[in-house]
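Here's the letter readout for the chains.
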Amino acid sequence: MRDVALAAAVSPQTVSRVANGGESVTPSTRRRVEAAMRKLGYRPNYAARALKHGRFRNIGVALFDMTKFGNARILGGITRTAAERGYAVTLHIIGDDAPHTLRAVVDRMKRLPVDGVIVIMEQRLGDLDTFVPTTNLPVVLVGDGRADQCPTIDADQYGCSTAIVDYLMARGHATVHHIAGPSSSLAAQRREQGWRDALSRHGAGAPPVHAGDWGADSGYTAGIALAGDTRCTAIYAANDQMAYGAIAGLRDAGRSVPDDVSVVGVDDTLPGVVPGLELTTMRIRFEDIGAGAFVMLQRQCEGSQTLRDARTVVPSELIERGSVGAVTAH
């Protein structure tokens, strides 16, 4: 730092301000210091910075599977916002052979140079109701519902289902069939419960659930099966890939979408992937969830007080395309 200060004809304190993104430096001085940094190969020592300031400007993210579309989009929102604010991100994959508890996840993160932890809760962790984070390592959970001791953020997984059922029932359908996600998924559980409760509120019976695995092939299998049920006029699939698979299965079995059967998905993951996309869906704002989770954690890392049981719900949006029709007679 002294070498850079000498080369740029400034004080070491000015070099420190430039290295740390401080704003009280004139543009011309900043350019001169940055040029000296490049010429001398200077880069900040983050370990020394952490010793001085007590923070690493690095957060940990724990999740079960980073290849799932929703998780990848949430992670994208976290990493983009972290980079914009001068933070790095350390990833931890929760393996099948590791204890599925928040305590185990956070204990693993404590061994790493992180200021706080975001846990993307695709699956329920066993000690969710009893876990209490330590004061020096804040934790934010990405998951539907409220936790007593940790702030949470997510889409309204339950509410998106009730809105879809209401939307289909308003178009004259007697009931709505459901293709569910895997039973281990918290989002799939909440979406199925919302579907059941909405049908009950409408006085409609819930047909047998078709179990899927988030993949298009499982949706195709369900679509083939439901094509044989002439009473089936509406299908709600718990994600877009299964919904698109169901449309293919229905059409291969001779049923028309939307003339014979209406289909709605969740996520809005297929634009740019499927040409001429016709699928009506509930758009989940994954990137906004990730960005919001990072901001919540950053505030705690930097000393702001946050209610431990605070819950943030990121609104979803119904995107109408061409896969839903009205029923005039049953």
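Residues numbered from 1 in each chain as written. Predicted model: local features only at pLDDT ≥ 70, side-chain atom pairs only at ≥ 80, totals over all residues. Heavy atoms only, no water.

Visitor: So, the packing of helix H7 (residues 157-169) against helix H8 (residues 186-201): which residues are in play, and what are the values?
Guide: Helix-helix packing is characterised by the crossing angle of the two axes and by the distance between the axes. Look at H7 against H8: their axes get within 7 Å of each other, and the N-to-C directions meet at 40 degrees. Here H7 lies oblique to H8, going by the angle between them. Like other packed secondary-structure pairs, H7 and H8 cross with a definite hand, here right-handed. Facing H7, whose interface residues are Gln-157, Tyr-158, Cys-160, Ser-161, Thr-162, Val-165, Asp-166 and Met-169, H8 presents Ala-187, Arg-190, Arg-191, Gln-193, Gly-194, Trp-195, Asp-197, Ala-198, Leu-199 and Arg-201. Each residue belonging to the contact of H7 with H8 can be placed in one class, and the counts come to 8 nonpolar, 5 polar and 5 charged. (Axes fitted to C-alpha atoms, helices over the stretch in contact; angles between N-to-C directions. Helix = DSSP H or I, 4+ residues; strand = E, 2+ residues; numbered from the N terminus. Parallel < 35°, antiparallel > 145°, perpendicular 65-115°, else oblique. Left-handed = near helix turned anticlockwise from the far one by under 90°. Contact = heavy atoms within 4.5 Å. Nonpolar A, V, L, I, M, F, W, Y, C, P; charged D, E, K, R; others polar.)

Visitor: Describe the environment of Ala-227, with residues and values.
Guide: Following the sequence through the fold, Ala-227 ends up in helix H9 (residues 216-227). With 33 residues separating them in the primary sequence, Ala-227 and Asp-260 have C-alpha atoms 9.4 Å apart.

Visitor: Break down the pattern of salt bridges for me, with residues and values.
Guide: Opposite charge on two side chains makes pairing possible when the charged atoms of those side chains draw close. One pass over the structure, following the stated rule, counts 19 salt bridges. For Asp-107, the salt bridge is made with Lys-110, and the minimal N-O distance between the two is 3.7 Å. Of this pair, Asp-107 and Lys-110 both sit in helix H6 (residues 102-110), 3 residues apart, which is roughly one turn of the helix. Taking relative accessible area as the criterion, Asp-107 reaches 29% and is therefore assigned partly exposed. (Salt bridge = Lys/Arg side-chain N within 4 Å of Asp/Glu carboxyl O. Buried < 20%, exposed > 50% of the residue type's maximum accessible area, 1.4 Å probe, protein only.)

Visitor: How would you sum up the packing of helix H5 (residues 69-84) against helix H11 (residues 286-301)? Please name residues and give values.
Guide: Contact geometry for H5 and H11: axes closest at 7 Å, N-to-C directions at 45 degrees. Classified by the angle their axes make, H5 and H11 are oblique. Here the hand of the crossing between H5 and H11 comes out right-handed. Here Phe-69, Gly-70, Arg-73, Ile-74, Gly-77, Ile-78, Arg-80, Thr-81 and Ala-82 of H5 lie close against H11, whose contacting residues are Phe-286, Glu-287, Ile-289, Gly-290, Ala-291, Phe-294 and Val-295.

Visitor: Can you break down H8 residue by residue, with the values?
Guide: Owing to its 3.6 residues per turn, the α-helix aligns residues three or four sequence positions apart on the same side. Here H8 contains 16 residues, and its C-alpha end-to-end distance of 23 Å stays within 8% of the 22 Å for a straight helix at 1.5 Å per residue. When we look at burial in H8, the residues that qualify are Leu-186, Ala-187, Ala-188, Arg-191, Gly-194, Trp-195, Ala-198 and Leu-199. For H8, the elements touching its buried residues are H7, strand E6 (177-180), strand E8 (234-237) and strand E9 (262-267). Among the residues of H8, the N-terminal cap falls to Ser-185, whose side-chain oxygen and the backbone nitrogen of Ala-187 are separated by 3.3 Å. Directly after H8, the chain includes Gly-203, whose backbone phi takes a positive value near 75 degrees. (Expected span 1.5 Å × (residues − 1). Polar contact = N/O pair within 3.5 Å; in protein donor to acceptor, adjacent residues only side chain to side chain.)

Visitor: Explain the packing of aromatic side chains to me, using residue names and the numbers behind them.
Guide: Within this structure, the stated rule accounts for 2 aromatic pairs. Between Phe-69 and Phe-286, the aromatic rings sit 6.3 Å apart at their centres with planes inclined by 75 degrees, giving edge-to-face as the arrangement. Separated by 217 residues along the polypeptide, Phe-69 in helix H5 and Phe-286 in helix H11 bring together distant segments of the chain. Taking the relative accessible area as the measure of exposure, Phe-286 reaches 8% and is therefore buried. A centroid spacing of 5.3 Å and a plane angle of 75 degrees characterise the contact between Tyr-87 and Phe-294, whose relative ring orientation is edge-to-face. Remark: Phe-294 occurs in helix H11 and Tyr-87 occurs in the loop between H5 and strand E2 (88-93); sequence separation between them is 207 residues. (Phe/Tyr/Trp six-rings, centres within 6.5 Å; stacked < 30°, edge-to-face > 60°.)

Visitor: Any chance you could break down the sheet that holds strand E12 (residues 317-319) for me, citing the residues and the numbers?
Guide: One open sheet accounts for 6 strands, arranged E7-E6-E8-E9-E10-E12; its pairing is mixed. Looking at which strands have only one partner, the edges of the open sheet turn out to be strand E7 (210-211) and E12. In this sheet, E12 lies alongside strand E10 (residues 280-283) in antiparallel orientation, the contact comprising 3 bridges. Residue Arg-283 lies in a different strand from E12, and its bridge partner there is Glu-317. Each of E8, E9, E10 and E12 touches H7; the most contacted strand, E9, lies at about 160 degrees to it. (Pairing = 2+ DSSP bridges.)

Visitor: Mind laying out the sheet that holds E2, listing which residues take part and the relevant values?
Guide: Picture the strands of a sheet paired through backbone hydrogen bonds; they go either parallel or antiparallel. Pairing is parallel across the open sheet formed by 6 strands, whose spatial order is E2-E1-E3-E4-E5-E11. Among the strands making up the open sheet, the edge pair consists of E2 and strand E11 (311-314). Taken over all neighbouring pairs, the strand axes of this sheet differ in orientation by 20 degrees on average, direction set aside. Relative to E2, strand E1 (residues 58-63) is paired through 6 bridges, and the arrangement is parallel. The residue of E2 that forms the bridge with Ile-59 is Val-89. Along the sheet face, H11 touches E1, strand E3 (117-120), strand E4 (139-142), strand E5 (152-155) and E11 and points at about 165 degrees away from the line of E4.

Visitor: Could you give an account of the environment of Leu-226, with specific residues and numbers?
Guide: With respect to the element layout, Leu-226 can be found in helix H9. Leu-226 sits in the buried class, given a relative accessible area of 3%. With 35 residues separating them in the primary sequence, Leu-226 and Val-261 have C-alpha atoms 9.6 Å apart. Contact partners of Leu-226, with chain neighbours within four places excluded, come to His-177, His-210, Cys-232, Ile-235, Leu-250 and Arg-255.

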